[in-house]
Amino acid sequence: MSHLNYLVNKIVDLSTAVAQVNKWKEKGEKVVFTNGCFDILHKGHVTYLAQAADAGNRLIVGLNNDASVRAQEKGSDRPINSEDARALVLAGLGVIDLIVIFGDPTPEELIKTLQPDVLAKGADYDPSERDPQSKKYIVGSDFVLNQGGKVIAIPLVDGYSTTAIANKLKS
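Residues numbered from 1 in each chain as written. Predicted model: local features only at pLDDT ≥ 70, side-chain atom pairs only at ≥ 80, totals over all residues. Heavy atoms only, no water.

Undergrad: Just to check I follow, could you spell out the overall build of the protein for this structure?
TA: Within the protein one finds 8 helices and 6 strands. Beginning at the N terminus, the succession of helices and strands in the protein can be written as α-β-α-β-α-β-α-α-β-α-β-α-β-α. Here the protein has a C-alpha radius of gyration of 15 Å; the compact-globule value for 171 residues is 16 Å, and the two agree. Looking at the protein as a whole, 39% of its 171 residues are labelled buried. Pairs at least 24 residues apart make up 74% of the contacts formed inside the protein by residues separated by at least 6 positions. Accessible surface, the protein as shown: approximately 9,100 Å² in total, 50% of it carbon and sulfur. (Helix = DSSP H or I, 4+ residues; strand = E, 2+ residues; numbered from the N terminus. Rg over C-alpha atoms; globule rule 2.2 N^0.38 Å. Buried < 20%, exposed > 50% of the residue type's maximum accessible area, 1.4 Å probe, protein only. Contact = heavy atoms within 4.5 Å. Areas by Shrake-Rupley, 256 points an atom, 1.4 Å probe, with all protein chains shown as cover.)

Here you go:
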């Protein structure tokens, strides 16, 4: 298999992801899930994803599709890179095992379907927050905890954000 095909094969639909998760779990592997836009991949993203991968044996990334990025109102020029481009760049990271592109406003249904053992988000979220209306609430955390899983917050790398990079490029 070519290296490019190897990367492309990491980008899967939901049914393929479910089948793979089931295989991993049958082998006793711990599955970690995280999600995001990952518009301009930077040191903060790579550090975060590597630390998320350390929480288990397999890492799945739920990647917001272009429409869901626009709906988050991050700016009229976002996403900067298309979902296909963002997915392929993420696939190039060895710490990521699968990428599932999703278009819902939140990854809640994706989390419920995949049933990860660990749910990871950045430390701008709080695993102990139970109020879904709070900006610190981790969507899907109640489900993962009720399934006996774990929810973790990973420290952010100061000075790195897609918005800051985009603003720097504009100036």
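Still more to cover.
Undergrad: Explanation requested: the pattern of salt bridges in the structure shown.
TA: Side chains that differ in sign of charge can pair as their charged atoms come close. Taken as a whole and judged by the stated rule, the model has 7 salt bridges. With a closest N to O distance of 2.8 Å, D66 and R86 form a salt bridge. Of the two residues, D66 is situated in helix α4 (residues 66–71) and R86 in helix α5 (residues 83–91); the sequence distance between them amounts to 20 residues. For D66, a relative accessible area of 16% corresponds to the buried category. Overall, the relative accessible area of 2% leaves R86 in the buried class. (Salt bridge = Lys/Arg side-chain N within 4 Å of Asp/Glu carboxyl O.)

Functional significance is not addressed by these values, which are geometric in nature.
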